[in-house]
Each structure stands twice: as structure tokens, then as C-alpha cells.
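# Inside the fold
Listed below are the residues making up each chain.
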Amino acid sequence: TRPTDFASGFVMNYGRTILVVGGSAANTGTLWSMTGTLPCTIDTTGQTWVLPPLSSSVANLSSVFAFPEAFGAVGDGVKDDTAALQSWITANKCLGLTPGKTYLHQNTLYATIPNQVLNGFGATLKRAPQAITTTTTTTTAGTTNSITVAATSGGSGATAWSFTVGDQIVVEQGGYFDPNTQTIQSIAGNVITVTGAFGRHGGSTTPFTNNTTTVNSLSGTINVRHGWNQLVPFAPNQHITNVVLDGNSANWSWGRWQHMVALLSYSNGPYLQVDHCRVINQYGDGLTGAGAGQAWAFNDVENIKGRGMVFAGNTVAPTNLANRFICNRLINCNLDSAVGGSDGTGSIDFSQGGPSTLIHGNFVDGGVDGLGALRSAQNSEVTVTENEFWNCSNLSINGSGGGGNMNVTNVTIANNRCYGAGISVNKVGSSNALAINWNVHDNTIIGGGVVLASMTNVNFHDNLINLDSLATAVATFIATAVASGGTFAAGSQYYVLSAYNSVGETTGSAEVTVTVVLNGSVNLTWDPIPGATGYKLYRATTPGGETGATSLVTTITSATTVAYIDTGTATTTGSVSATNTTKLIAVDGVAIGSVGGAFTGQVCGNTVIGGQYAIRAFLTTGALVQGNVLKAQYKGGVIGSTSNVSGYVIKENYIVADATALSGTWQGISPVGTDEVVNNTIDTTAATPTVYGIIANSSTGKLLIKGNTVIGTPNKAIQLNGTVTAAIVANNATDRYITDVGVGTIKYGNTYGASPITGTATLVAGVKTVTGLDIRVGDLVILTISAPGGTPGIPSYGSVVSGPGGSFIITSINPATGTTQTADTSTVAWQIIH
């Protein structure tokens, strides 16, 4: 690593080793073994580390490390170093690679010595280009082991790579492929013979597969390709560090996860440690581990066609126990989801994960799922904490499982940050498998929802879910002039930045300006906006000119790309948005919900902002929804199950409607068979469609609606429909009326605030019309003279007209004649009884 990669004052971590190589001798240098933190400073030229005198000189590093040059390797990135590397990796020493070199190899490197250490010192192991040919030999699974092929091709430039004895190959046609690679045993002319037989996997005859269906034979033109895992640790207690594994994907045209892993460890290699490695440009998967007690930490996995890091093993009797995956960086994995296979499409894939695993502090940017197919075999424990997920096209954490019939128990998902995609915690495998005893808490989820289904005893609490508009402004937006590198004329340039998501674009940020010299350029940097899909950059030559029709400089398609160099190229059609259109209204914006499946457990203390609904359609017996703050939902707060259930409680939630007008209705709480709706506060002041504070559609048992406060409803505060039986509506405070067409409802102690049910009216010529929002057809009215005036008669009223928001007429009757007592000017007190 160059000293210029670090700022002055960089601190080297405890336990690391630095190799400093100087002069012309590649295998001589100095080792620093860190026994504590080691402050490193940089001299005035920025080219040299200044280290305390804690080093020990080594005259010849080959006394400590075995280097591949001793076995004939060149390491120039051109020569095939496969044979030398195979000899080198079987040396019974600590293995080292020469810094700055690239070692090209054409087959799997097997590390088979227990307690072996491979320190790459930043050097690269790179796949040779993929050799490709075809055959017309009909290939039958488990029987054919010889094929006649056409000439091979592959690679780039003047040199094409061909097959040789010992190469690992795979046959493929139309998506069907051999489930395992085969090793070339001999080549006679155009006839290739492999060990065993094509289609033979694990000692048995296995048909060719495309991961969903199988066929027994391939015929016609069949592709024959290189296919092999790059590095395979194959013994206990091995340590691989500071190695770059380059898959050379630009020179590969096909691959599968079954035989294209960069680093693959088997169950016979427990306690493997892989740290500070770079895995890049792979056509298959990145890192795959099946052994127990493995630790993968501080690795950089980037530009992977398949999955980034994969938990492999036996899902019934897992061998990958007690593993640790900590502080890895995974960028742009699952670039081709078909490469990932059917198990999962996660940058981190847990489809065959083992018990007692910790997934902590990883950073994932891009891909399909951030953490995919999360499952815990044999009813064991998995902890997912402090990870950060950006730009996932499906889910940040996909807990829907990867197959099998086992329950998934004792899983913790906590303190993760998910930007742009949500979390799914769903059934695993068959319909009989459940997620049991999961604890999902203190996660931040921006721009995505949460699915909870097929769960038992799950605690989902203290999470923040935000589906509302993206932030318009960025905390920091900086434009810096550069004296070269562009085509600008000298003068001032003005910039505005916006963000966008799947449904719209924000308004522009605060404008920044910069003065550019002739042929200069501009460096622009900003802070990422959580939940964004990307950014748009606008430029003008006058203040505020970014609203012009052709002011768009560029569209950036990643929320974590937060820098751009503007060289002055012409702007294109587009102007900064006048309104923020990023609210997730046009999509199924349910913050916490499910498509079905039983749920028991607690949903407590969460904050939900935006979305069509906050909590919807997963509640069943034993569920508790308590103490949640649900703000700015466009259609409703807590919407119950679609079938009659009993035994769950909705209590002490604070629900606030959004001001956005939608067709249809807004429902604060809609219980279905709920036992209790208690002490909730519902504020519908901002809502503009037809509004229900609480609406109960059905109940087969006791339904208690008690102690709730409903304010701001222009329509109906509490409504019980005809299928509701034996409900109790008590001690609720609303500013509108209660509508009850249920059967056997008991109502008492309810109060009405903004719309009074009592009042006074002064008669004019013996008559007065009384109107009110809480007057409706069917009401009874009690009248009494509170202040006699004129010649009093007997007050009476006609039937209530229309309503809600209806009226009734008070008429004074002359007791002698039965006609209107026109001389009556008394004040009459009235009270409505619903």
C-alpha cells in the first residue's frame, strides 16, 4: 500500500504486520510486527512512512515466507503461472506473494496444509481468460466422459487461451449445465476425455440442471467452457490475508456459483480466517464458507456477477457453525442474478447459513438483496447488527428463507441502517416452517417497508421507518474550481443538486457558485441522502438559471456516489423540479405489513413516517400493537387482518393523517375481530378523503373500543358496521359522532368535543331551526324552556332532517289550539340522544 493512500497520523491496527520491500531484491525487506497501535506519520514529500524503532530486519524473507518466484512464477500478469503456483501453495511454509505483482493462473489453487498462512502483501492472483469451445457430441448425464470439440477461443489480443490436461471444464446449453466441473484427463486431437463422467456429481448420476428443472442429456451444439474455483483453503486453521483475487470477468462470458467461486472453503477447513483481502471482477460468487468457526473480516468484495459472500453447507446438519462476518465491504454484487443460482440473490447470502453466526458491521452497496435468504438451520441463533445497506434493488435484509422445512428461531436483527429498501421476515421453506423468537429492533429503514408474516413470538420494536418524501437539501454541497481538465470559459458557474427515488424527484438544494478559469473544471461533492436512488446535477451561468429547460449536467444512478467532476460539457434537456414528488404514494407503501401468514408477537415503540399504511394485514391471535408513532400515512394507520381473529390488542398508539389527498378512504384504526382498541390518539385534521377514525368491519367476539381520542374527523370518528357483534364502545373522546349499525353494541361515557350534542336556541315567532355536525337521522331530542319569553307555549320538534350534519326544527305549540304559539320568544335548551 502506498503511503500516499493514508493521511498523516494514520494508526495501524493491533495485530497487523507490515512488510516494507526496498531496493531491487524482491525477497528482502523489513517486517514490523504490531504488538499495539503504531502511529505512522508521513514525511514532507508524502512518500515515506516514518515508524518507531519496533522493527526487526530480515536478510532474506524466504526464511519466513515461501514466494512463488522460487518455484518459477513470473507474476507479470501475462505468463501462465499455474504450475508454479500449485507447487508454491503446497510448500510447508508461510506463503507470501511479492508486492505489486499479478500472478495469472488457469486452475484452482488448493491450500491443503493445516495452520498455513498466506499473506499476499497486496499482490494479485488473477484468473486466466476463459477458454471456450463447442461440441456436437450428445452428452448424457453420468455416462459420457469423452467429447469431440471445435477449436477453442478466448482471451484477448494475439494470444488465445486453450484447454490443457488438468483444466476444469463444464458443459452448458440453453441454461442447462453440469452441476459440477470435470477435470480434463487427456486430449487427443479434438477429443477431450474427463475423469468420471459429465453430469456425475458426488459419485451419483445427476441430470443437467438450470436450478429449476433437469434434463438427462444435451445434444446439438453444446458449449464447453472453463469453470473453476480460484482459491480453495482445504485444511483447518488457515489464515489468508492481504490477497487480491481478480476474477478477470471482462474475459469470461459464462459462469455459475456451483463452480466459479473466488475463494471456497469446505467443511474440512474449520477456523479459516480471511481478512483484508480484495475480491473483484468475479463471474461467479465471491467468498463461500462451509466450515465451522470461520472469520471473514475487513474484506473488499466488488464487481461480482453472483453473490458476494455466501454461507454454504448442509441445511439439515450444518457444518458452518459459529462463524463471524465482520466489517466487510461489498459493492455491486449480484450484477447478474442468474449467476447466483436459486438459493438466494444476496450480496451476503445466508441460504445455507449455520447456527450461532454473527453478521456485523458490513457495508453493502448495490445488488438485489443486501442480506439474502436469511435462515438459521437447526433452530439456532443468528445475530445481524450494525450493518449498512444502500441501493439494493429488492430488500436490504431478506428473511424469507432459502428452502427447507425447519423453523428459524432466536434471530436478532438490530441497529442496521437500510437506505432505499426494506426488510422481510417471512416464512422459511414449507408452509409449516415459522420464524420463532425473532427480535427486530432499533433499525433505521428509509425508503422501504417491513414484511412480518408466519412468525411466532416476534418482538418488532423501536425501529424507524420512513416512507415519506426524500430530503430536499443536503447537509453539505461544495463546488471547487480546478485550474485544468475542462472546457469552461472563464467566469462563474452555478449549481443545484436534487435527489430522486422510484417515484419522483426532490426540489433543488441551496445553490452553490464557483469561479472557473479558462479550460478549468469543477469538482462537486455532497452528502448522501438516505432513501435516494440517485441524484441530478443542474448548472447555469446566472443565479437561479438551473430552472432553465436545458440545465441538466448529469444523472447519477447511485445514492452513494457523492462526487462528480464537471468538465464543462454541454447541458441536456431538464430543469430542477419545482415540487418534491418523492413521496411513495404510487407504490404499495406499507411500512409494516405482510401478504399473509400468521403473526404473534409485539409491534411496539416504532416510528413510521409516510407510506400508504403504517401497519397492515398481518395481525392475529396474541399480537400486541402498542406505543407506535404513526405519522403522515396517506390511507391509514393500523389496518387489521382480513379474517376474523381474536386476542390481539391495539393500544396507546399515536396516529396522524397526512395532508395528501387520495381517492377512497382514510382509516386511523380498522380492527377485524380485535379484542381491544384502547387509549389510542388519532388526529385526522389534515386528511381530505372520506375519513374514519376507528372503523370496525367485523367481530365474532368481544370488541372493546375504549378510551380513544379522535380529533379532526370531517366524517366519522367511530363506526361499527353491521357484522360487528357484542362490541363495547366506552369513554372515547371524539369531535364527531359514533355510527353504530352493529348488533348488541353497548355504549357509555363517550364525549363529543368540537361538535356539541347540547345547546340553546331562542325562538323567533315560536320557531327555531337548529343545525349541527353531530345531528343525524334517528336522533332523539330533549327540549326544555330555560328562559321564558313572550307568551310561552309547549316546545316540540319535528324529525331530524338529513345528517350527519343535519338539523331539526323547534316549534312552540299553543296548548289550547294546537297551533304555533307565534308570541313565544323563549330560550329553549336542547340535548341530542343518539
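## Describing the overall build of the protein chain
Secondary structure assignment for the protein chain yields one helix and 90 strands. Looking at the 834 residues of the protein chain, the share that counts as buried comes to 51%. In the protein chain, of all internal contacts separated by at least 6 residues, the share reaching a separation of at least 24 is 68%. Just so you have it, the protein chain exposes about 31,600 Å², and 53% of that area is on carbon and sulfur atoms.

## Things to note about the packing of aromatic side chains
Scanning all chains against the criterion turns up 14 aromatic pairs. Summarising the aromatic geometry, the rings of Trp526 and Tyr535 are spaced 5.7 Å apart at their centres and angled 70° between planes, so their arrangement reads as edge-to-face. The exposure class assigned to Tyr535 is buried, which follows from its relative accessible area of 0%. Pairing Phe808 with Trp830 gives two aromatic rings, centres 5.8 Å apart and planes at 75°, and the pair type is edge-to-face. Remark: Trp830 occurs in strand E90 (residues 827-833) and Phe808 occurs in strand E89 (residues 807-813); sequence separation between them is 22 residues. Both residues of the pair, Phe808 and Trp830, belong to the buried class. Cluster of aromatic residues (ring-pair linked, three or more members): Trp296, Phe311, Phe325 and Phe350. Residue placement shows Arg127 over the ring face of Trp228; its charged tip is 4.6 Å from the ring centre. Seen from the ring of Trp252, Arg127 lies directly overhead, with NZ or CZ sitting 5.4 Å from the centre.

## Looking at the pairing of strand E15 (residues 132-135)
Only one face of E15 is covered, namely the one carrying Thr133 and Thr135; the face carrying Ile132 and Thr134 has none of its residues buried. Of the pairings in the sheet, the one linking E15 to strand E27 (residues 222-226) comprises four bridges and is antiparallel in character. Note on E27: the bridge partner recorded for Thr134 is Asn223.

## Re a nonpolar patch on the surface
Residues Tyr110, Phe234 and Tyr266 make up a contiguous nonpolar surface patch of about 260 Å² in total accessible area. Within the secondary structure layout, Phe234 lies in the loop between strand E28 (231-233) and strand E29 (239-241). The exposure class of Phe234 is partly exposed, given its relative accessible area of 34%.

## Quick word on the nonpolar core
Counting 98 residues, the largest nonpolar core has Leu374 and Trp438 as its most contacted members. Non-local contacts of Trp438, meaning those with residues more than four positions away in its chain, are made with Leu374, Gly399, Val408, Thr409, Val411, Ile413, Val425, Met455, Asn457, Val458 and Asn459. Ranked by size, the runner-up nonpolar core spans 24 residues in total, among them Tyr495, Leu497, Val512 and Ala559.

## With respect to helix H1 (residues 82-89)
Since the α-helix packs 3.6 residues into each turn, any two residues three or four apart lie on the same face. Looking at H1, one finds that the buried residues are Thr82, Ala84, Leu85, Trp88 and Ile89. Each buried residue of H1 sits inside an arc of 160° when the element is viewed along its axis, so together they form one side.

## Digging into the side chain of Arg539
By secondary structure assignment, the location of Arg539 is in strand E61 (residues 534-540). A polar contact of 2.7 Å, which involves the side chain of Arg539, links it to the side chain of Asp566. Within the local environment of Arg539, its side chain forms a polar contact with the backbone oxygen of Thr569, the two atoms lying 2.7 Å apart. Leave out the neighbours within four places in its chain, and Arg539 touches Phe488, Gln493, Tyr494, Tyr495, Glu546, Ser551, Val553, Asp566, Gly568, Thr569, Ala570 and Thr571.

## Quick notes on the sheet that holds strand E87 (residues 780-787)
The antiparallel open sheet is built from three strands, whose spatial order is E85-E90-E87. Whereas interior strands pair on both sides, the edge strands pair on one side only; in this sheet they are strand E85 (758-762) and E87. Here the average twist between neighbouring strands, direction ignored, is 25°. Across seven bridges, the pairing between E87 and E90 is antiparallel. Residue pairing for E90: Leu783 is matched across the bridge by Trp830.

## Quick look at the sheet that holds E61
Across a sheet, paired strands are connected by hydrogen bonds in the backbone, their directions being either parallel or antiparallel. As summarised here, the arrangement of the four strands in space is E59-E58-E61-E62, forming an open sheet in which the pairing is antiparallel. Among the strands making up the open sheet, the edge pair consists of strand E59 (512-516) and strand E62 (552-556). Here the strands of the sheet are splayed against their neighbours by 25° on average, with no regard to which way each runs. Two strands pair when backbone bridges link them, and strand E58 (residues 491-500) and E61 are joined in this way by seven bridges, in the antiparallel orientation. Bridging from a neighbouring strand, Tyr500 pairs with Gly534 of E61.

## Digging into the confidence of the model for the protein chain
Low pLDDT means the predicted coordinates in that region are not meant to be read closely. When pLDDT is averaged across the protein chain, the result is 84; 83% of the residues are at 70 or more. Of all secondary-structure elements in the protein chain, the lowest mean pLDDT belongs to strand E3 (residues 29-33), at 44, while strand E30 (residues 244-246) reaches the highest, 98.

## Comments concerning unusual backbone geometry
Residues other than glycine seldom take positive phi values, yet Asn115 does so here, at roughly 65°. For Asn115, the location among the structural elements is in the loop between strand E12 (109-111) and strand E13 (117-119). Exposure remark for Asn115: the relative accessible area of 53% places this residue in the exposed category. Although it is not a glycine, Asn731 sits at a positive phi angle of roughly 60°.

## Some points on the pattern of salt bridges
Opposite charge on two side chains allows them to pair when their charged atoms are near. Going through the model one piece at a time under the given rule, you end up with 14 salt bridges. Close ionic contact of Asp285 with Arg307 constitutes a salt bridge, the shortest N to O distance being 2.9 Å. A residue pair is termed long-range when its members are at least 10 positions apart, and Asp285 in the loop between strand E33 (278-282) and strand E34 (287-289) and Arg307 in the loop between strand E36 (300-304) and strand E37 (309-311) qualify at 22 residues. Asp285 sits in the buried class, given a relative accessible area of 1%.

Reading the values: rules and limits
- Residues numbered from 1 in each chain as written.
- Predicted model: local features only at pLDDT ≥ 70, side-chain atom pairs only at ≥ 80, totals over all residues.
- Heavy atoms only, no water.
- Helix = DSSP H or I, 4+ residues; strand = E, 2+ residues; numbered from the N terminus.
- Buried < 20%, exposed > 50% of the residue type's maximum accessible area, 1.4 Å probe, protein only.
- Contact = heavy atoms within 4.5 Å.
- Areas by Shrake-Rupley, 256 points an atom, 1.4 Å probe, with all protein chains shown as cover.
- Phe/Tyr/Trp six-rings, centres within 6.5 Å; stacked < 30°, edge-to-face > 60°.
- Lys NZ or Arg CZ within 6 Å of the ring centre and 35° of its normal.
- Pairing = 2+ DSSP bridges.
- Patch = residues over 30% accessible without salt bridge, like charges linked within 9 Å, V, L, I, M, F, W, Y side chains within 5 Å.
- Salt bridge = Lys/Arg side-chain N within 4 Å of Asp/Glu carboxyl O.
- Core = buried A, V, L, I, M, F, W, Y, C linked by side-chain atoms within 4.5 Å.
- Arc of directions from axis to C-beta.
- Polar contact = N/O pair within 3.5 Å; in protein donor to acceptor, adjacent residues only side chain to side chain.
- Axes fitted to C-alpha atoms, helices over the stretch in contact; angles between N-to-C directions.
- pLDDT = per-residue confidence, 0-100.

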